[in-house]
Amino acid sequence: MSDDAIFEKLSQCAVDVLQVPPDKVVKEARFSDDLDADSLDLVELVMALEEAFGISVDESELDGIETVGEAYDLVKSKL
Amino acid sequence: MHLGITESGPVKGRRVAITGLGVVSCCGIGVGAFWEGLLGEQQQGERQVRDFNPLDWLGPKEARRLDKFAHYAIAASQMAFDDAASSSGTLDVAPEKAGVVISTGFGGLETFLEQVRIFNEKGAKRVSPFMIPMLMANAATASVSMRLGWTGPSENVVTACAAGTHGIAAAARMVASGRLDIAIGGGSEASIAPLTIAAFGNMTALSDDGMSRPFDKRRSGFVLGEGAGALVLEDLDHAHSRGAHVYAEISGAASTADAYHVTQPAPDARGAISCMELAIADAGLTASDIGQINAHGTSTPLNDLAESVAIHQVFGSPSPPVTSTKGITGHALGAAGAIEAVAIVLSIEKSLIPPTAGYEIEDSEIALDVVYGAARPWNPGHAISNSFGFGGHNGCLVISATS
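Residues numbered from 1 in each chain as written. Chains lettered and ligands numbered in written order. Predicted model: local features only at pLDDT ≥ 70, side-chain atom pairs only at ≥ 80, totals over all residues. Heavy atoms only, no water.

Draft legend 1. Geometry of the overall build of chain B. Within chain B, the regular secondary structure consists of 13 helices and 16 strands. For chain B, the C-alpha radius of gyration of 20 Å lies close to 22 Å, the compact-globule estimate for 403 residues. A principal-axis box enclosing the C-alpha atoms of chain B has dimensions of 60 × 50 × 40 Å. Within chain B, buried positions represent 60% of all 403 residues. (Helix = DSSP H or I, 4+ residues; strand = E, 2+ residues; numbered from the N terminus. Rg over C-alpha atoms; globule rule 2.2 N^0.38 Å. Buried < 20%, exposed > 50% of the residue type's maximum accessible area, 1.4 Å probe, protein only.)

Below, the structure written as structure tokens:
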């Protein structure tokens, strides 16, 4: 899967779960401040990513993930 | 409404004005469409709300995080709020003096069913972290208080099909006591699903042909409905001081239990009788003052018979005019009493009692003056609304034209 395809898929998950406009989902965007996501939103987003990419993300791996770009790196590392 | 009884007699509370109305029902969204629907043709089968778009009332994320029963509650409450605020643009109330009691029978059933499916098909790791806050029965009342920023009591009375009536009564009592200056009271329900149809059907509670025929000789059970009703209840002086339109008043309420059987009404109707008598006394009235009864009138053989026994006992013969709007709305369970309270307020506004749709053939065992065929003019005075729930819960409201 190309980097662009990965990002596109991740972005679609964020749009669906967080109900934000697609143009706000950029790598620099912070989940809490820019995308108005609370801790339960992030749990649901991780579930959506696991489902979409067929990966498994442990809770401990989410420490320090605050931006879309960091989430992208995490997903990519598992493919 | 009274606040209690002392040695010197009942202690009167503040007068409780109804200053805003909101309704989501199968026969119309908003009071104008709803009233036309009550005077219109009856449908067959489950009475689902049509043409409801949650995004008309909620942001996309808010809509995704709430069950349908909360969508209905928010829509009805926002309508009622906007209605009450229409004269001055604001309700002019301190957040801590405003509260909400939106009741329900079930809660977020659709969410629950969907998450059970996901659990079974995809496993525990895919169950939504939002399942609990979406399905909990207090989710609707919580979402309304959060939306409005009201920090007074936000509660929910869960008494099955009496919940909407008890919700309004609880909210009104808080205004009467002075705890709140403004409250939203109501009920919401969204639990029409193949599973509930099967369950109610196996109880033999449902109509065998999808027709709701309250008090009619051919009645065979109720038809499931859904929706929400909400009233803005306000200290009458507060309403006057901000120049609000006062539709009517909640003048009395009561709650009793049959303490007899979980689903069958007591054959002597003792709980329903005492509930009506207590509500009328709470309003400082006598039975002869009541000019309209909005019956529970579900269209089940046992309920309608027991209710007619109770009405006969309290009011004698002939009874005041009796209507059951469930001919049109079906039985919206925990929302029913709230939707019916809106119907009474509109019947006061319009000086018309809506007819009991589906009623055509008199049952010789039921000696009531049933309003049917066409709406009947009345001189708006005092009306009583009855609600009886599984569990033997009885709730009555007395709603009065304001004097």
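Draft legend 2. Main features of the packing of aromatic side chains. What the rule picks out here adds up to 7 aromatic pairs over all chains. Linked through ring pairs, Phe106(B), Phe200(B), Phe222(B) and Phe390(B) together constitute an aromatic cluster. The ring of Tyr72(A) carries Lys27(A) above its face, with NZ or CZ at 3.9 Å from the centroid. Its guanidinium or amino end placed over the ring of Phe130(B), Arg65(B) lies 3.9 Å from that ring's centre, counting from NZ or CZ. (Phe/Tyr/Trp six-rings, centres within 6.5 Å; stacked < 30°, edge-to-face > 60°. Lys NZ or Arg CZ within 6 Å of the ring centre and 35° of its normal.)

Draft legend 3. Representation of the pairing of strand S15 (residues 382-389) of chain B. Residues and elements named next belong to chain B. Of all 8 residues in S15, 7 are buried; the element is thus mostly enclosed. Note: strand S10 (residues 290-294) against S15, 4 bridges, orientation parallel. Each bridged residue has a counterpart across the sheet, and for Ile293 the counterpart in S15 is Ile384. As consecutive antiparallel partners, S15 and strand S16 (residues 393-400) are separated by 3 residues, and within that stretch Gly391 has a phi angle of approximately 105 degrees, a positive value. (Pairing = 2+ DSSP bridges.)

Draft legend 4. Highlighting helix H2 (residues 39-53) of chain A. Here H2(A) spans 21 Å end to end across 15 residues, near enough to the 21 Å set by a 1.5 Å rise per residue. Among all positions of H2(A), only Asp41(A), Glu44(A), Leu45(A), Val46(A), Met47(A), Leu49(A), Glu50(A) and Phe53(A) are buried. Residues of H2(A) that are buried in the fold lie against helix H1 (3-18) and helix H3 (68-77) of chain A together with helix H2 (60-64) of chain B. Of the residues flanking the start of H2(A), the one acting as N-cap is Asp38(A), its side-chain oxygen 3.1 Å from the backbone nitrogen of Leu40(A). A positive backbone phi angle near 65 degrees is found at Gly54(A), which sits one or two residues after H2(A). (Expected span 1.5 Å × (residues − 1). Contact = heavy atoms within 4.5 Å. Polar contact = N/O pair within 3.5 Å; in protein donor to acceptor, adjacent residues only side chain to side chain.)

Draft legend 5. Highlighting H3(A). If you check which residues of H3(A) are buried, you get Val68(A), Gly69(A), Ala71(A), Tyr72(A), Leu74(A) and Val75(A). In this structure, the buried side of H3(A) is in contact with H1 and H2 of chain A.

Draft legend 6. Local environment of the environment of Asp51(B). Residue and element names in this part refer to chain B. Examined against the element boundaries, Asp51 turns out to sit in the loop between helix H1 (31-38) and H2. Relative accessible area serves as the criterion here: at 77%, Asp51 is assigned to the exposed category. Along the chain, Asp51 and Leu285 lie 234 residues apart, while their C-alpha atoms are 41 Å from each other.

Draft legend 7. How the structure looks around the packing of H1(B) against helix H13 (residues 336-350) of chain B. All names here are of chain B. Orientation of H1 relative to H13, taken along the N-to-C sense of each, is 85 degrees, at an axis distance of 11 Å. When the interaxial angle is binned, H1 and H13 end up roughly perpendicular. Residues Val31, Phe34, Trp35 and Leu38 of H1 form the contact with H13, whose participating residues are Ile339, Val342, Ala343, Leu346, Ser347 and Lys350. (Axes fitted to C-alpha atoms, helices over the stretch in contact; angles between N-to-C directions. Parallel < 35°, antiparallel > 145°, perpendicular 65-115°, else oblique.)

Draft legend 8. Quick look at the side chain of Thr298(B). Residues and elements named next belong to chain B. Positionally, Thr298 belongs in the loop between S10 and helix H11 (301-315). Overall, Thr298 belongs to the buried group, its relative accessible area being 4%. Polar side-chain contacts of Thr298 include one of 3.5 Å to the side chain of Asn303. Not counting residues within four places of it along the chain, the set of residues in contact with Thr298 comprises Ser212, Gly221, Phe222, Asn303, Asp304, Lys326 and His331.

Draft legend 9. Molecular detail of the pattern of salt bridges. Going through the model one piece at a time under the given rule, you end up with 29 salt bridges over all chains. In this structure, Asp3(A) engages Lys76(A) in a salt bridge whose closest nitrogen and oxygen atoms are separated by 3.3 Å. Here Asp3(A) is found in helix H1, whereas its partner Lys76(A) is found in helix H3, with 73 residues between them in sequence. The residue Asp33(A) makes a salt bridge to Arg30(A) at a minimum N-O spacing of 3.7 Å. Taking the relative accessible area as the measure of exposure, Asp33(A) reaches 59% and is therefore exposed. Connected via shared salt-bridge partners are Asp41(A), Glu44(A), Lys61(B), Arg64(B) and Arg65(B). (Salt bridge = Lys/Arg side-chain N within 4 Å of Asp/Glu carboxyl O.)

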